[in-house]
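Below, each chain spelled out in residue letters.
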Amino acid sequence: VQLVESGGGMVQPGGSLRLSCAASGFTFSTYDMSWVRQAPGKGPEWVSGINTGGSTYYADSVKGRFTISRDNARNTLYLQMSSLKPEDTALYYCARVIIRSKWLPPDNYWGQGTQVTVSS
């Protein structure tokens, strides 16, 4: 099982980034998926989730600014981030949800992460 994130970088406040997560080694279309982030010195924070049917869910902190999506034909999860704020700075992980409705799975079900830095 492998989850490989990409698309992170440094962006100014108000900017946008699109994260991708390439999944392999499991039947991607049959799993709910999440994005999780962790800022330095803080615990992990669930950001967004998408179920197998395409329904989407967001933390209040990102609602209206982030959009999660999936392409089952490409085994890829996406996170479109806009109106970025300095407090969005974190390492962003995609995660395979192993228990339905438990959107923050143990970290052994996460990828290796991609850094997002929002700074002027």
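My aim in this report is to walk through the structure given alongside it, one point at a time. (Residues numbered from 1 in each chain as written. Predicted model: local features only at pLDDT ≥ 70, side-chain atom pairs only at ≥ 80, totals over all residues. Heavy atoms only, no water.)

1. Structural notes on the packing of aromatic side chains
Here is step 1: A complete count under the given rule lists 5 aromatic pairs for this structure.
Here is step 2: Taking the centre distance of 5.4 Å and the plane angle of 85 degrees together, the rings of Phe26 and Tyr31 count as edge-to-face.
Here is step 3: Under the relative-accessibility criterion, Tyr31 is labelled partly exposed at 26%.
Here is step 4: Among the aromatic residues, those joined into a ring-pair cluster are Phe26, Phe28 and Tyr31.
Here is step 5: One cation-aromatic arrangement involves Arg96 over Tyr31; the distance from NZ or CZ to the ring centre is 4.7 Å. (Phe/Tyr/Trp six-rings, centres within 6.5 Å; stacked < 30°, edge-to-face > 60°. Buried < 20%, exposed > 50% of the residue type's maximum accessible area, 1.4 Å probe, protein only. Lys NZ or Arg CZ within 6 Å of the ring centre and 35° of its normal.)

2. Considerations on the sheet that holds strand β3 (residues 17–24)
Here is step 1: Strands sit in the order β1-β3-β8-β7 across an open sheet of 4 strands; the sheet is antiparallel. If you trace the sheet from one side to the other, it starts and ends with β1 (2–6) and β7 (66–71), each paired once. If you compare each strand with its neighbour and ignore which way they point, the axes differ by 15 degrees on average.
Here is step 2: By the bridge criterion, 6 bridges tie β3 to strand β8 (residues 76–81) in an arrangement that is antiparallel. Opposite Ala22, over in β8, you have Thr76 as the bridge partner. (Pairing = 2+ DSSP bridges. Helix = DSSP H or I, 4+ residues; strand = E, 2+ residues; numbered from the N terminus. Axes fitted to C-alpha atoms, helices over the stretch in contact; angles between N-to-C directions.)

3. Details of the sheet that holds strand β10 (residues 114–118)
Here is step 1: Spatially, β2-β10-β9-β4-β5-β6 is the arrangement adopted by the 6 strands of the open sheet, whose pairing is mixed. With partners counted over all chains shown, the strands left at the sheet margins are β2 (9–11) and β6 (56–58), one partner each. Here the average twist between neighbouring strands, direction ignored, is 25 degrees.
Here is step 2: For strand β4 (residues 33–38) and strand β9 (residues 90–96), the ladder comprises 6 bridges, and the chain directions are antiparallel. Across the sheet, residue Trp35 finds its bridge partner in β9, namely Cys94.

That is the geometry; function is a separate question.
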